[in-house]
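# Secondary and tertiary structure notes
What follows is the residue order along each chain.
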Amino acid sequence: MATTHTEPQETPPLTPAVFHVLLALADGERHGYAIMREVAESTGGRIKMGPGTLYGTIKRLLEARMIVESDERPDPDLDDERRRYYRLTALGQQAARAEALRYAEMAEVARRKRLIGKPARAAQAGGLS
Amino acid sequence: MTPAPTQPDSKAVALSGRLFQRLLAAYPKAHRREYGPAMAQLFRDQCRDAWRAGRGWGLTWLWLRVLPDLVKTSVVEHLSTLKERITMLERLGMLLRPRSAPWLVFSGVFILEFCFVVATTTLITFIMPESYAGTSKILLRPQAAPAPRYTEAKPFASADDSPLIQSQLEVVKSDAVLNKVIEELDLNNAWGRKLLNGERLSTPETLAILKHNLVMRPLRNTGLIEIRAFSDNPVEASDLANAVVRSYCAHGSRMPAAGTGGLALPGVRPASIQTIQTAVPGPRPVRPNKPLNIVLGIVGGLLLASVIGGGLAGLAACLGRKARAAGTHG
């Protein structure tokens, strides 16, 4: 049985491209173009992945078993059925969560050193202390 | 979520797509085969977005962004492929290096290789169809010369006897002689039953098979011609050889005298033909030669196993030295 690890030190750090792809797939399965759009939108257009970077990252994530190709194909009327959809595995979710915690811990350190202030949205929602 | 193209792509978008497809050749073959179509599709989608956003300028900006990405990632993929190959070699090295000593590698490989070669040779030898031989011999006496005894040393040593043997050998091999054999033994039907499930063979077909199964040769300096027939049946093999002799003797008795034309040229017509040896069914097959094949298999196995075992033991020793050196420096 696979065990779930959530401690950031238990998984190696991820590259930004890998982390962005994992985050894009956190909401559900997507194809390559949708992943690229999601990454661009979530970063305010600052990161636009090229086909080489995106599929190189996907290849490595597949090899690491952090994502898998989905067997289900979309309705041909709604989308191009040749597109390949990918989804997170438990291992991918665990790695993304660990990386997010690692970022959060680093942000907390930066906040304590007064390099950054409290995020307005998080403060309003009573989120991160 | 996905922009389904509702109108045909502009020429610039289509051209960009085709150009990108060509540029995919920069990636390793395996990567291209696996992800090439998806990458091309993604780029076409990006082209449509860029065209909608900024027409020509949008496409230009896209190319300026994608080209460095393509160069960088193609290099990365090639390096990754190279690394995989090196890893495989290292794994092979681990496989050979282990359990240490090269002599152990040599012993293991030697035993495996030797057993494999001997087992294969033996198996093939016993699978091969068996073939029996029937052998007859005839003695030709030349004209105008005292009849020599075939047991005498070199009774046909003179150069004048050679044309007789050669010409008579051709007569023995001739269709006229062999057709009589086919007729006498009813080979069209007999071999038809054996080879074509009862369907009768034509005479040319039977003749071709018969010629393939016959070996005729002169025995040097004796005036003898040896006729050897091969078959999977020992009785049939001897019947074939004897039938060829009978047919040839009958044909010889009908040959015209010297100087009257045909094959009976001066010096090439025998005065008499005598059957020296009649073929009898052989007790054991002549092909395959099982003892010889097995001995050859053992010798070949020893040689091959020594070469391969020695080579791999050398490689193991070399890898072991490298590993020790790396361990010392590391």
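Residues numbered from 1 in each chain as written. Chains lettered and ligands numbered in written order. Predicted model: local features only at pLDDT ≥ 70, side-chain atom pairs only at ≥ 80, totals over all residues.

Helix and strand counts for chain A stand at 5 helices and 3 strands. Beginning at the N terminus, the succession of helices and strands in chain A can be written as α-β-α-α-β-β-α-α. Across the 129 residues in chain A, those meeting the buried criterion constitute 29%. Of all intrachain contacts in chain A linking residues separated by at least 6 positions in sequence, the fraction that spans at least 24 positions is 59%. (Helix = DSSP H or I, 4+ residues; strand = E, 2+ residues; numbered from the N terminus. Buried ≥ 20, exposed ≤ 12 C-beta atoms within 10 Å, placed from the backbone. Contact = placed C-beta atoms within 7 Å.)

Right, let's talk about the overall build of chain B for a bit. Helices and strands together make up the secondary structure of chain B, namely 9 helices and 4 strands. Secondary structure of chain B in N-to-C order comes out as α-α-α-β-α-α-α-α-β-β-α-β-α. For chain B, the proportion of its 330 residues judged to be buried stands at 27%. In chain B, the share of contacts with a sequence separation of at least 24, taken over all contacts with a separation of at least 6, comes to 74%.

Between chain A and chain B, the contact holds 15 residues from the first and 16 residues from the second. Listed by contribution, the elements that provide at least two residues to the side of chain A that touches chain B are α2 (32-42) and α3 (51-63) of chain A. The element best represented in the side of chain A that touches chain B is α3 of chain A, accounting for 7 residues. Grouping the amino acids of the side of chain A that touches chain B by side-chain chemistry returns 6 nonpolar, 5 polar and 4 charged. (Nonpolar A, V, L, I, M, F, W, Y, C, P; charged D, E, K, R; others polar.)

Moving on, we get to the packing of helix α1 (residues 16-24) of chain A against helix α4 (residues 90-112) of chain A. Residues and elements named next belong to chain A. Contact geometry of α1 with α4 gives a least axis separation of 10 Å together with a crossing angle of 115°. When you trace α1 past α4, the crossing you get is left-handed. In this structure, α1 uses F19, L22 and L23 to contact α4, whose residues at the interface are G92, A95, A96 and E99. Considering only residue class, the contact of α1 with α4 consists of 5 nonpolar, 1 polar and 1 charged. (Axes fitted to C-alpha atoms, helices over the stretch in contact; angles between N-to-C directions. Left-handed = near helix turned anticlockwise from the far one by under 90°.)

All names here are of chain B. Across the sheet, which stays open at both edges, the 4 strands sit in the order β2-β3-β1-β4 with antiparallel pairing between neighbours. Unpaired on one side and paired on the other, β2 (214-219) and β4 (270-277) mark the two borders of the sheet. Here the strands of the sheet are splayed against their neighbours by 25° on average, with no regard to which way each runs. Alignment of β2 against strand β3 (residues 224-231), held across 6 bridges, turns out to be antiparallel. Along β3, the bridge assignment pairs R217 with E226. (Pairing = 2+ DSSP bridges.)

The 3 strands lie next to each other as β1-β3-β2 (chain A), forming an open sheet whose pairing is antiparallel. Either end of the sheet is taken by a strand with one partner, and the two such strands are β1 (30-31) and β2 (67-69) of chain A.

If you look at soluble globular proteins, the nonpolar side chains tend to sit buried side by side. Within the largest apolar cluster, 36 residues are counted, with the highest numbers of intra-cluster contacts made by V21, L22, L25, I35, M36 and L54 of chain A. Elements represented by at least two residues in this core include exactly α1, α2, α3, β3 (85-88) and α4 of chain A together with α1 (11-23) and α2 (29-96) of chain B. Setting aside residues no more than four positions away along its own chain, I35 of chain A makes contact with V21, A24, L25, R30 and L54 of chain A. Among the nonpolar cores identified, the runner-up in size contains 29 residues, and I138, V171, V181 and A243 of chain B belong to it. (Core = buried A, V, L, I, M, F, W, Y, C linked by C-beta atoms within 7 Å.)

Here we come to unusual backbone geometry. All names here are of chain B. The omega torsion across R287 and P288 is -10°, close enough to zero to call that bond cis. Along the chain, P288 falls in the loop between β4 and α9 (290-329). Look at R55: it is not a glycine, yet its phi comes out positive at around 50°. Along the chain, the position of R55 falls in helix α2.

The subject of this paragraph is the pairing of β3 of chain A. Residue and element names in this part refer to chain A. In this sheet, β3 lies alongside β1 in antiparallel orientation, the contact comprising 2 bridges. Counted as the bridge partner of H31 is Y85 from β3. Bridge count for β2 against β3 is 3 bridges, and the pairing is antiparallel. When the bridges of β3 are listed, V68 appears paired with R87.

Mapped onto the secondary structure, D45 of chain B falls in helix α2. On a C-alpha basis, the gap between D45 of chain B and G17 of chain B in space is 9.3 Å, while along the polypeptide they are 28 residues apart.

Take the confidence of the model for chain B next. Residue and element names in this part refer to chain B. With 82% of its residues at a pLDDT of 70 or more, chain B has an overall mean of 81. Predicted confidence is poor over residues 1-5, with pLDDT under 50, and the contacts of this stretch with residues over four places away or in other chains come to 7 contacts. This stretch, residues 151-160, has a pLDDT under 50; its non-local contacts, to residues over four places away or in other chains, come to 12 contacts. Here the predicted complex scores 0.46 on pTM and 0.78 on ipTM. (pLDDT = per-residue confidence, 0-100.)

Let us look at the environment of L178 of chain B. Residues and elements named next belong to chain B. Summarising the element assignment, L178 is placed in helix α5 (residues 175-185). Sequence-wise, L178 and V245 are 67 residues apart; in three dimensions their C-alpha atoms are separated by 9.9 Å. Apart from residues lying up to four places away in sequence, L178 is in contact with L207, L210 and K211.

Bringing the packing of helix α6 (residues 187-195) of chain B against helix α7 (residues 203-212) of chain B into the picture now. To describe two helices that pack against each other, one gives the angle between their axes and the distance between the axes. Residue and element names in this part refer to chain B. The contact between α6 and α7 brings their axes to 10 Å, and the two run at 75°. Looking at the two axes, α6 sits roughly perpendicular to α7. Counting all contacts with α6, which are made through L187, N188 and W191, the residues of α7 involved are T203, T206, I209 and L210. The residue inventory of the contact of α6 with α7, partitioned by class, reads 4 nonpolar, 3 polar and no charged. (Parallel < 35°, antiparallel > 145°, perpendicular 65-115°, else oblique.)

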